[in-house]
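# Observations on the model geometry
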Amino acid sequence: MGSAKVRTIRTLGESIDMGEELFLQVKNVSKSFGGVKAVNGVSFELHKGEILGIIGPNGSGKTTLLNLITGFVRKGSGKVLFKEKDITHWPAHKISDAGLVRTFQIVRPYSTLPAFKNLVPPLYSSRSKRTARGKLGDRDAVAIDLLEEVGFERDAYVPYKMAGSLPLGYLKRLEFARCLAMRPEIIFCDEVFSGLSMAEIASMVPLVERLQKDGITLIMIEHRLRELFRVANRILVMNFGEKIAEGAPRQVMKDKEVRRAYLGEEVEV
């Protein structure tokens, strides 16, 4: 087999070299709720190892787009391809089993279970067992190791505390750990920085950077722009259900339509 070529994405005034493999293709995806076009003809591509940020005002269709891609909401029209395979009509569990996993904007752990026990269900998933090739071993121990990877302090017994007693910063990390338990190829992140203190965000950014370094591709919906622009290779901007801009972070910020729709006239980046 010949070696794959590095792809170059031409965006607003810049060319960005991405990874070798075209991972995800979203083609003209739309969804209406009654007479409201929540998502209207959105298209984009995602390459292996890339971090794509999605921004826009509240109600612009960001989370709905994520729900459509991951199978939580049925698409009205359009196509989604993963590794050139059509997954448009796949249910959410089948998409997850293919390695496309997600965090949620509103964190809902198994509150009455210890934090590490929240990882046991995904560790028993068919994908986790299949990709581990029988080498998972003691799942409780694997769960605690995963929590340590995302920033839980083993010595402080935090993994053993009831999930419902943990502060939001730990719950956001627990979301990442549950994703990692599925051995993902793409993680869809819905506002992982939302509600966190500046100190918590500062410690979360290196985690996102490490996930990318480990070969995981990410799509991040986010309102914390400064932190998002630190990690994202490319930004897609939505407004009223449509894609209004796409490009490198600094170029997107210079776009007049983006400023009018979302950022105001003067934003320092």
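### Considering the overall build of the protein
When helices and strands are counted, the protein shows ten helices and twelve strands. Residues counted as buried form 52% of the 269 residues belonging to the protein. Sequence-distant contacts, at least 24 apart, represent 66% of the contacts inside the protein between residues at least 6 apart. Of the roughly 13100 Å² of accessible surface on the protein, 50% is carried by carbon and sulfur atoms.

### Re helix H7 (residues 198-213)
It helps to recall that an α-helix has 3.6 residues per turn; residues three or four apart then point in one direction. Helix length check: H7, at 16 residues, gives a terminal C-alpha distance of 23 Å against a target of 22 Å (1.5 Å per residue), a fit within 8%. Residues of H7 that are buried include every one of Ile201, Met204, Val205, Leu207, Val208 and Leu211, and no others. Tucked inside the fold, the buried residues of H7 contact strand E5 (51-55), helix H5 (139-149), helix H6 (168-181), strand E9 (186-190), strand E10 (217-221) and helix H8 (225-231). With its phi angle positive at about 95°, Gly215 sits one or two positions after the end of H7.

### A short note on the layout of surface pockets
One number sums up the size of the largest pocket: a volume of about 450 Å³. Residue lining of the largest pocket: 21 residues in total, with Ser96, Arg102, Phe104, Arg178 and Met182 positioned closest to the centre. Elements supplying a minimum of two residues to the lining of the largest pocket: helix H2 (92-97), strand E8 (100-102), helix H3 (120-123) and H6. Of the residues forming the lining of the largest pocket, the biggest block, four residues, is contributed by H2. For the lining of the largest pocket, a count of residues per class yields 13 nonpolar, four polar and four charged.

### Let's talk about the environment of Ile144
Structurally, Ile144 is set in helix H5. Sequence spacing of Ile144 and Pro159 is 15 residues, and the spatial spacing of their C-alpha atoms is 6.4 Å.

### Remarks on the packing of H6 against H7
Relative orientation of the contacting elements H6 and H7 amounts to 10°, with a least axis distance of 11 Å. Taken together, the axes of H6 and H7 are roughly parallel relative to one another. Residue-level contacts link Gly169, Lys172, Arg173, Phe176 and Leu180 of H6 to Glu200, Ser203, Met204, Leu207, Val208 and Leu211 of H7. Of the residues that constitute the contact of H6 with H7, the class distribution is six nonpolar, two polar and three charged.

### Digging into the confidence of the model for the protein
Of the residues in the protein, 87% reach a pLDDT of 70 or more, and the chain-wide mean stands at 87. No element of the protein has a lower mean pLDDT than strand E1 (residues 8-10), which averages 41, and none a higher one than E10, which averages 97. Scored below 50 in pLDDT, residues 1-16 shows 41 contacts in the model against residues more than four places distant or in partner chains.

### Considerations on the pairing of strand E12 (residues 242-247)
Two elements, strand E11 (residues 234-239) and E12, share five bridges in a ladder whose sense is antiparallel. Counterpart to Asn239 in the pairing with E12 is Glu242.

### Some points on the pairing of E11
Taken across its six residues, E11 has six buried, putting it largely inside the fold. Side chains of E11 alternate between two faces, with Arg234, Leu236 and Met238 and Ile235, Val237 and Asn239 buried alike. In this structure, E5 lies alongside E11, joined through four bridges in parallel fashion. Bridge assignment links Ile55 to a residue of E11, and that residue is Val237.

What counts, and at which threshold
- Residues numbered from 1 in each chain as written.
- Predicted model: local features only at pLDDT ≥ 70, side-chain atom pairs only at ≥ 80, totals over all residues.
- Heavy atoms only, no water.
- Helix = DSSP H or I, 4+ residues; strand = E, 2+ residues; numbered from the N terminus.
- Buried < 20%, exposed > 50% of the residue type's maximum accessible area, 1.4 Å probe, protein only.
- Contact = heavy atoms within 4.5 Å.
- Areas by Shrake-Rupley, 256 points an atom, 1.4 Å probe, with all protein chains shown as cover.
- Expected span 1.5 Å × (residues − 1).
- 1 Å grid on protein atoms, 1.4 Å probe; cavity = no way out; pocket = protein on both sides within 12 Å on 5 of 7 lines; lining within 4 Å.
- Points joined across faces, edges and corners; volume = space filled by probe spheres on them.
- Nonpolar A, V, L, I, M, F, W, Y, C, P; charged D, E, K, R; others polar.
- Axes fitted to C-alpha atoms, helices over the stretch in contact; angles between N-to-C directions.
- Parallel < 35°, antiparallel > 145°, perpendicular 65-115°, else oblique.
- pLDDT = per-residue confidence, 0-100.
- Pairing = 2+ DSSP bridges.

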